[in-house]
Structure formats: structure tokens, C-alpha cells
Amino acid sequence: MGWKKLGWVLFFLLPSAIPLFVFTLVPMVSSLWVSLHKWNLISPMEWAGLDNYTNLLTDPMTRRVFLHTLIYVAGYLPLVYAGGLGLALALNQRLKGRAFLRATYFLPVVTSWVVVALVWKWLLNPANGLVNQLLGAIGLSGPGWWTDPQWALPAVILSSAWKDLGFVMVILLAGLQSIPSDVYEAATVDGASAWQRFWRITLPLLSPSTFFVVVISLINGFQVFDQVYVMTGGGPAGSSQVVVGQIYDLTFRYGRAGEASALSWILFALILVITVIQIRGQRKWVHYA
Amino acid sequence: MRLLKFGVAGLAGILALTACGQGSATKEAAAPDGKSVVRYMNFSANDGHEKDLTAIVNAFQTANPNITVQVETVPYANYFTKLQTAVAGGTAADAFELNYENFVTYASNGSLAELKSVDSSVYKKSLYDAFTSDGKQYGVPESFSNVVLFYNKALFKQAGVAEPTASWTWKDEQAAAAKLTNKGSKVWGDYQPVSYNEFYKVLAQNGGSFLNAERTEATFNSPEGVEAAKFLVEKVGKTMPTEADGAGTPDFDSKLFKSGKLAMWHTGIWMFSPMADAPFDWDVVVEPGNTRKASAMFVNGLVVNAASKNAEAAQKWISFLASSDDTTKTRLATSWELPPVADEAKLAPYLDQPKPANREAVFTALDEPVLPPVIERQQEMQDLVTAELTSAAAGRKTVEKALADAQTKVNGLLKK
């Protein structure tokens, strides 16, 4: 490629390169710098070395927020994957009104998180929410949801899975449609049952889509924030506080930007490690047709 | 190569443009020749007093035709987050409002301009002195308010309970609340948030102290403290709605009282005007105490941003907003928070307002005030004390354990 061409390439890259540089790279590098200081956003920064990191690693609060985030991911991922797969399989059939249903299930994905979280908070209101009223109608007494420390995280998991089902469904649907029909025909001729076709053909050939969905959902799961902030605010008594929520509170409520930046980097390291393991591990279970 | 250069030049140009765009936010808005613009951010006009603040701004602009005031009103719940971000980003207003608790933090971090040649004689001295730090004046008092016991006269009559008086103690309140609570008709006897703000006050009403005299150690985990916390926490579910009933969500208490479903309500005098059109008769009384009386008092102040290019005009505005007769008149006529004037005769019109009848209680309560305990890491302390008390209220911890844990954590904040 000649110099002339490279010039053009760079020129046309500018519209995306500039925001990437200004809003992603610069803040990333500066947050690393901030994480080595004590800073309340207003007074001059004071050098702290690795103090922020050691303080965080010995603070029981850090363990709690990581534990809550892991519980969230562990609850959210199977739910959203199983639900999304079920929907994708159902809507891959020749159903009447299929396009309408697909669009309907995708609607929550494009809805603002604040709106969704407020609606779910209302649905899950322990005293007069719709969910507990329905449970009451069949003789069950509903839990305290976001007012009960045991149930606040499950409430968040439930609403998150509901919102993201459509996204997983669309990706898996595309995956299902790219599986050639002659593979199924050959298997049917060989006498494979529907169950065998699902386990031996659909799931393995869907694995590239599954891999994509799992990687993206895990990363999003570790960065969960909006729904927690709106639905529970991390409460009651910190029982649903997650890592990014803690980063927000440390910075904007408590003026501890140094520790917040350090926590961001710890989270980044964790996500990086998990993603690398996933990419390494994919050779064992992802089949590219 | 020439094109590459072109690209780089384009990048530089765009960066220059964005830099300009950002810069303009910090500059004063365009003003006609000889005029200056003062940006003012506040929370206390939010939710009902916006037009009263506008009236004060208009009076100021008439008196100072070469200064324009641009008001930004932010809800209290988001105010300090927004202010902190604005100060850090260099886009904070020329003048802004601070409550006494947060003044200490801001005065010590260098973001406030020192006020010179202030006429201190117009202010009540104790309030003026609250905004001094290291011998320098960084703010003027803007207003003060306190908390009294609101009560629904109709509900008291209905239940055949004698109305509260200034000599009531906790016991009288508890007994009345129990009689007034009627879960069948969803009427609650009492409402007092389980929070930091209520706790340090009931602690004082019980003769305890929150911090030691040097403010180096928390002392609220005492027999007085446990008794006070129990008084607060044991109301929940018995005579007071629980979290699951919606307690603690925005406007929950004001809606409950206004709908005639709440007999007694511990809240601030800023609720006088929002409740003026309640469809039943209500009044106020000084809050009951236990071993002594203590009423929460809140003070707001006005400060000038250290980075303001209009500091002089900004100081003129805050002096007007704090102490002018126009302000005093507006505040009293609209039952807003009280003006911090030295001349108490000026406060007389406040008592002429119709509802509530027993306005005298507002001034009686000022005889025995308790100010919020303040430390440098204020917000963290408030959050954790509220969280521990909430745990106790929900039955997840004993009151004794919650107070012990809270004290250990507050001591941790004081050490760092």
C-alpha cells in the first residue's frame, strides 16, 4: 500500500478514530494514572503508589461487590442463554405471525434501561406489584424482591434476563438459519431422532453463535450497572451492590476517584483473564462448519 | 504524503474545534456591553419555590441593572453529585448553594473564593460563623430551617386521642401512635425515617453524643444511643410503614400525610407550603424529647466559586439573596426556609401566616437546636449509619450489633 493510499485510509478513519481516542483511549490511560493517586476530583492529586490497590484488596467491601457480580453473572447467563435458545428454536419454525413475534421479543433490547428497570421495580413491588399479586392469587406469598437482601439480586437478574432475551434470540436465530438443511436431511435418512439431531447437529453447529453470545454476555454481565442503580441502588444494605456500582459510588458520592479507578482496572483485569480463557478454550467446543 | 498531511491537519482542526466547544461552557455566557452574567446553582428552590426564587432574582436585577443572574435548580437528591462533577470539570456556576454539612468539605478542598468586606452585622452571628473556616469567611448563611412534629387533627379527633403538646415525651408519642394506627383502614400513627438525620437527633434527645468533643472518635454506641436507635427502629411495622410498604421512596411520606392516612409526621418546616392545601386540618408542635428536647436545625449557605471570573458580581448576588429585605419578605410570605437575619423583628410576619396555627413552635424549637455532626467523609458516614439502622429495622441485625458495627466503621472513616 502506497503512502498516498494510507493517507486516504487514515483520513476516512478519522470520524471513528477521534472519538475512540478522545473518549476511550485517553480516559483509559488517565484512569491508570488516577488509580495511583488519592484524588477527590477537586483538590490536587496526591501520589499514593499502589496503596489504592492494596486497600481495595484488603477491604471486605471489594470481596462483597465481586461476589455479588459473580452471582449476577451465574444467574443471568444460563437464564438468558436457555431462554434465548428456546425462543430462537421456537421462532425458527414456520409459525403464523413469526415476524411479529420476533420483533416483539426484540423490543426490550432497544428500550432504555432506566425505563425497563422502573417498570420492573413496579412489577416487583412487594406490597402491590403485579407479580406478587399474581403469586397471591395462586396462594403463594411473594418475596420482598428489591426490599429483601436475599431477593434483591434475583430481582435484578430476572429483569436483566428478560431484557436481553431478544438479543440472544436474534444471534442464535441467525446461527440456526446458517445451518445447511442437507445435514438434517442426511441425518433423518440415517434414522436420527429429533432429540439426536438437536444434540448432534444443532448444538455443535450453533457453537460459533453460542461462543459469541457467551463472550458478549459475560462482559456485559460483569459491567452490570444501570438496572442495579435504578432498581435497588445497591441496597438494601449493600446486598445488591455490584462492582461498577461501587466504582460509581466511590467516585461521585464519596470523592474517592483514585480507588474507583483502581477498582476499574481490577475489573478490567478480571474480564481480560476470563475472555482470554474463553478464547483459548473455544478450540475444544466451538465447531466452525 | 500530501494527503497524509491533509489528514493530520484535519485532525488538528477538529481537535481545535472540540477544544473551543468545550471552552465555551466554562466562559460566561455572552452579555451585552458592560453587563455581567452570574450563574447560580441551587437545590432549595426545587419542588415548589422556583417562582419565589425568580421573584428575588428580578428584584436583584432591578437594583443591579448591569448584572444578569442565570439560575439552575437541581433536585436535592442529585445536587451534590452534580456539583462535585461540575467543580471538578471546571463548569461550576459562579455562585452556588451548600448545606452546612457539605460546606466543611468544600471549604477545605480549595474550591471556594474567600469573601472580602462582608457586612456581618446583618446576619445572626451563630449562623454567620458556621461558614468560617480557618479564620476566613467562605460563605454567608442563606437560610435555616428545622424539624417539627406535624399532626393530622382530624385523625386525632377520630381516634379520640389528645393532641400533642410541647411537653410530650417519647412515651406519649408511642402511646398515641399505637392508638392512631389502624392497619385495616391503612392509617399509620407515625412517620420518622430510619436514617442518619433522625438518629443523631433522637440521640441528642436522649442525652447522648455522636462524636467526642474533638471530633476524633464516634461515641454513639452508648446506652443512650441504643435506647434512641430502638425508639426509632421499633416504630417500623408497628406504628410506621415499612420499606415494603414503600417507605423511603421519594415523596412517600408527603403523599401519605396529604392523603390523610398519617397521623404524626416528623419533617421540616419546608413542608408548610406544600401542605397548605391539604383537605383536612393539621398543625405542628415541637418534637417530643426523652431526657431533654432537641430539634434538628439545618443551615444552608451561599458561596462563590474560586474559579469564577465574575466573583465580585457573584458576591453581590449572594449578599442580596442572603440578606436583602426583598428576600426576607419573599421567604416569610411563602413559608420557605427562614432568612438568617440578625434583626428578629423582621421575622414577625412569619407568624401571621394562617396555616399551621402553632407557628410559634418553629421558634421554640430553635431554643434547643442540634446541628448535624460533620466529618470530612460526611457522605460515607451518613450512608453507612443509615444502612446499619435500616438493617436493624428490617430485623437482619440486633440494634446493639448495628450500632456497634456503625461505630467501628465511622471510626475507620475518621482515621483515614
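Cut-offs used in this document
- Residues numbered from 1 in each chain as written.
- Chains lettered and ligands numbered in written order.
- Predicted model: local features only at pLDDT ≥ 70, side-chain atom pairs only at ≥ 80, totals over all residues.
- Contact = placed C-beta atoms within 7 Å.
- Helix = DSSP H or I, 4+ residues; strand = E, 2+ residues; numbered from the N terminus.
- Nonpolar A, V, L, I, M, F, W, Y, C, P; charged D, E, K, R; others polar.
- Buried ≥ 20, exposed ≤ 12 C-beta atoms within 10 Å, placed from the backbone.
- Axes fitted to C-alpha atoms, helices over the stretch in contact; angles between N-to-C directions.
- Parallel < 35°, antiparallel > 145°, perpendicular 65-115°, else oblique.
- Left-handed = near helix turned anticlockwise from the far one by under 90°.
- UniProt positions renumbered as here; feature names shortened; annotations may be inferred.
- pLDDT = per-residue confidence, 0-100.

Often, the extent of an interface is quoted as the loss of accessible area upon association of its parts. Of the residues lining the interface, 28 residues belong to chain B; the matching set on chain A comes to 25 residues. Listed by contribution, the elements that provide at least two residues to the side of chain B that touches chain A are α1 (2–26), α3 (76–89) and α14 (378–393) of chain B. At 7 residues, the largest contribution of residues to the side of chain B that touches chain A is made by α1 of chain B. Here the residues of the side of chain B that touches chain A are counted per class, giving 11 nonpolar, 12 polar and 5 charged.

Moving on, we get to the environment of R396 of chain B. Along the polypeptide, R396 of chain B turns up in the loop between α14 and α15 (399–415). On the basis of neighbour counts, which here come to 17 C-beta atoms within 10 Å, the residue R396 of chain B falls in the partly exposed class. Setting aside its immediate chain neighbours within four residues, R396 of chain B contacts P149 of chain A together with S391 of chain B.

The subject of this paragraph is the packing of helix α7 (residues 152–177) of chain A against helix α9 (residues 194–222) of chain A. Residue and element names in this part refer to chain A. Where α7 meets α9, the axes come as close as 8 Å, and the angle between the chain directions of the two elements is 160°. Between α7 and α9, the angle falls in the class roughly antiparallel. In the packing of α7 onto α9, the handedness of the crossing is right-handed. Contacts between α7 and α9 pair V168, I171, L172, A174, G175 and L176 from the former with L206, P208, S209, F212 and V213 from the latter. Taken together, the residues of the contact of α7 with α9 sort by class into 9 nonpolar, 2 polar and no charged.

All names here are of chain A. Sites flagged by UniProt as "transmembrane region" (unreviewed entry) map to residues 7–34, 65–91, 103–123, 151–174, 205–225 and 262–279. Its end C-alpha atoms 23 Å apart, residues 103–123 is made of 71% helix and 0% strand. Between the end C-alpha atoms of residues 262–279 there is a gap of 26 Å, over a span that is 100% helix and 0% strand.

On to the confidence of the model for chain B, then. When pLDDT is low, close inspection of the predicted coordinates is not appropriate. All names here are of chain B. When the pLDDT values of chain B are averaged, the result is 87; 92% of them are 70 or greater. Here residues 1–29 is modelled with pLDDT under 50, and outside its nearest four sequence neighbours on either side it reaches 29 contacts, counting other chains as well. Per the prediction output, this complex has pTM 0.80; the corresponding ipTM is 0.74.

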